[in-house]
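Coordinate inspection notes
What follows is the residue order along each chain.
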Amino acid sequence: EDAIFESMARLEASLMEHQYGHVDSANLLQRGAASVFGLRYDISGAMGFRTIHQVDAKTQLVLNAELETNDWGDSDDEID
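Throughout what follows, the structure given in this document is the object of discussion. (Residues numbered from 1 in each chain as written. Predicted model: local features only at pLDDT ≥ 70, side-chain atom pairs only at ≥ 80, totals over all residues. Heavy atoms only, no water.)

This paragraph deals with the packing of helix 1 (residues 2-19) against helix 2 (residues 23-36). In the contact formed by helix 1 and helix 2, the axes pass within 8 Å of each other and the chain directions differ by 165°. Between helix 1 and helix 2, the angle is such that the two are roughly antiparallel. Here the hand of the crossing between helix 1 and helix 2 comes out left-handed. Facing helix 1, whose interface residues are Ala3, Glu6, Ser7, Arg10, Leu11, Ala13, Ser14, Glu17 and His18, helix 2 presents Ser25, Ala26, Leu29, Gln30, Gly32, Ala33 and Val36. (Axes fitted to C-alpha atoms, helices over the stretch in contact; angles between N-to-C directions. Helix = DSSP H or I, 4+ residues; strand = E, 2+ residues; numbered from the N terminus. Parallel < 35°, antiparallel > 145°, perpendicular 65-115°, else oblique. Left-handed = near helix turned anticlockwise from the far one by under 90°. Contact = heavy atoms within 4.5 Å.)

See below:
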């Protein structure tokens, strides 16, 4: 439960930093909030098609997320 509150506090602080234009510190806070739960993410770009009618490939934003561990919760529920 403490990890949840820590992560929430870091995300709230990140939103505040982003609102004031402090992008680097906001990014650090977001990564810290994600690391509390073992979440790693990376944002990159790729060429691709958005619709079946599109003729030329366009650049797209891609989010890669990976969960390192699942031992932070007390629940026996599985994530599908």
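Let's shift gears to the packing of aromatic side chains. Applying the stated rule across the entire model yields zero aromatic pairs. Its end group placed over the ring of Tyr41, Arg31 keeps NZ or CZ at 4.6 Å from the ring centre. (Phe/Tyr/Trp six-rings, centres within 6.5 Å; stacked < 30°, edge-to-face > 60°. Lys NZ or Arg CZ within 6 Å of the ring centre and 35° of its normal.)

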